[in-house]
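Listed below are the residues making up each chain.
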Amino acid sequence: MERLDKVLGSQGAGTRRELQERIRRGAVTVDGRIVRRPETKIDPENARITLDGAPFVYRKYVYLMMNKAPGLLCATRDPEAPTVLTGLPETILRRGVFPAGRLDRDSVGLLLITDDGDTAHLLLSPSRHVKKTYFIRYDGTLDADAAGRFAEGIRIDGDELCLPAELVLLGDGEARVTVTEGRYHQVKRMIAAAGGTVTFLRRERFGPLVLDETLAEGGWRELYEDEIAQIREITRKTRG
Ligand code: URA
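Reading the values: rules and limits
Residues numbered from 1 in each chain as written. Predicted model: local features only at pLDDT ≥ 70, side-chain atom pairs only at ≥ 80, totals over all residues. Heavy atoms only, no water. Helix = DSSP H or I, 4+ residues; strand = E, 2+ residues; numbered from the N terminus. Contact = heavy atoms within 4.5 Å. Areas by Shrake-Rupley, 256 points an atom, 1.4 Å probe, with all protein chains shown as cover. Lys, Arg positive; Asp, Glu negative; His and termini not counted. Charge placed at Lys NZ, Arg CZ, Asp CG, Glu CD. Pairing = 2+ DSSP bridges. Expected span 1.5 Å × (residues − 1). Buried < 20%, exposed > 50% of the residue type's maximum accessible area, 1.4 Å probe, protein only. Arc of directions from axis to C-beta. Core = buried A, V, L, I, M, F, W, Y, C linked by side-chain atoms within 4.5 Å. Near = heavy atom within 4 Å. Polar contact = N/O pair within 3.5 Å; in protein donor to acceptor, adjacent residues only side chain to side chain. Nonpolar A, V, L, I, M, F, W, Y, C, P; charged D, E, K, R; others polar. Axes fitted to C-alpha atoms, helices over the stretch in contact; angles between N-to-C directions. Parallel < 35°, antiparallel > 145°, perpendicular 65-115°, else oblique. Left-handed = near helix turned anticlockwise from the far one by under 90°.

(A) Main features of the overall build of the protein. Counting its secondary structure elements, the protein contains seven helices and 17 strands. Sequence separation of 24 or more characterises 64% of the internal contacts of the protein that already satisfy a separation of 6 or more. Entry remark: accessible area of the protein is about 12800 Å², with carbon and sulfur atoms responsible for 49%. Looking at charge distribution, the protein has the averaged site of its 38 positive side-chain charges lying 7 Å from that of its 37 negative ones.

Below, the structure is given as structure tokens:
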């Protein structure tokens, strides 16, 4: 059971103070009755709440799939550059969402944005080996045995040994790379180690999530229930 004002605040409905005012003015009903005490304890998962007459849908966490646009920073804030959170609705921002993982500023594609810290942490944990697949374009000619070197674990920047990864050459300077780690500039450095220079990089898959092709660059949508179930499933085994 949780305080009514806290429950509403956790959903980005307003500041705690504003919400307390609105509750006192009679703007909120719980299970069909006006509740005027902000401290009233309710069960957020089961209570039927209305706010200003409209049904209020409680969600413990929010999960967004974004098709990141180039030029955006994967950060929650930056004094100069726009971030992947710039332009998201206030109701979502007030929940304290953050990007789960990083894409470089010039990279595009699938990014998960959430306020579920536990799930994000598990998805990004090196020990989970969650697969990430990238479509890339590159300049130069990759070594003849590049795919073999990726499969064995390519050495980048002289000493860092990567875990086995998959490189599928698509022809015309295009390829698909699947890795299970999240090293800094990993794909660009792997391709550089094999003789090429990445000129374009789009993340297409992150664990069970597949980039929604209908999302324009910069676009986002909430994850569907089955997608949420899938990410919870792959993180389930390590939950306490
Ligand atoms: N690897 C990179 O080099 N850049 C990205 O943005 C993601 C993976």
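Further notes follow.
(B) Spotlight on the sheet that holds strand β3 (residues 33-34). The strand order across the open sheet built from four strands is β3-β2-β5-β6, with neighbouring strands paired in antiparallel fashion. Bordering the open sheet on either side are β3 and β6 (54-56), each of which pairs with just one other strand. Sheet topology note: the strand β5 (residues 49-51)/β6 ladder contains three bridges and is antiparallel. Each residue of the ladder has a partner; that of Thr50, found in β6, is Pro55.

(C) Looking closely at helix α7 (residues 225-236). Given a rise of 1.5 Å per residue, twelve residues ought to cover 16 Å, and the 16 Å separating the end C-alpha atoms of α7 matches this to within 8%. For α7, the set of buried residues is Glu227, Ile228, Ile231 and Thr235. Seen along its axis, α7 keeps its buried residues to an arc of 100°; they face one direction. Packing partners of the buried residues in α7 comprise β7 (63-68), β9 (108-114), α4 (117-124), β16 (209-210) and β17 (220-222).

(D) Highlighting the nonpolar core. With 34 residues, the main nonpolar core has Ile113, Ile136, Phe150 and Ile191 as its most contacted residues. At the level of elements, β7, β9, β10 (132-140), α5 (146-152), β14 (174-179), α6 (186-193) and β15 (196-206) are the ones that each hand at least two residues to this core. Once residues within four sequence positions are removed from consideration, Ile191 is found in contact with Ile136, Tyr138, Leu142, Phe150, Leu167, Val177, Gly196, Thr197 and Val198. In this structure, Val7, Val28, Ala47 and Ile49 belong to the second largest nonpolar core, which totals 16 residues.

(E) Geometry of the pairing of β10. Pairing of β10 with β14 involves six bridges; the strand directions are antiparallel. When the sheet's bridge partners are listed, Thr133 is paired in β14 with Thr178. Two strands pair when backbone bridges link them, and β10 and β15 are joined in this way by nine bridges, in the antiparallel orientation. Across the sheet, residue Tyr138 finds its bridge partner in β15, namely Val198.

(F) Looking closely at the site of the ligand. The ligand sits among Leu103, Asp104, Ser107, Tyr134, His185, Gln186, Val187, Lys188 and Leu201. Backbone polar atom of His185 to an oxygen atom of the ligand: 3.3 Å apart, as the coordinates give it. One nitrogen or oxygen atom from the main chain of Lys188 is found 3.0 Å from an oxygen atom belonging to the ligand. Taking 240 Å² as the accessible area of the ligand by itself, protein coverage stands at 95%. The element best represented in the shell around the ligand is α6, accounting for three residues. Tallied by class, residues from the shell around the ligand come to four nonpolar, three polar and two charged.

(G) Spatial organisation of α4. Here α4 has its buried residues at Thr119, Ala120, Leu122 and Leu123. Along the axis of α4, the buried residues cluster in a sector spanning 165°; they form a single face. At its buried positions, α4 is contacted by β7, β8 (98-100), β9, β15 and α7.

(H) Representation of the packing of α4 against α7 in the model. Where α4 contacts α7, the two axes come as close as 9 Å, and the packing angle between them is 65°. In terms of their interaxial angle, α4 and α7 are classed as roughly perpendicular. For α4 against α7, the interelement crossing comes out left-handed. In contact with Thr119, Leu122 and Leu123 of α4, α7 contributes Ile231, Arg232, Ile234 and Thr235.

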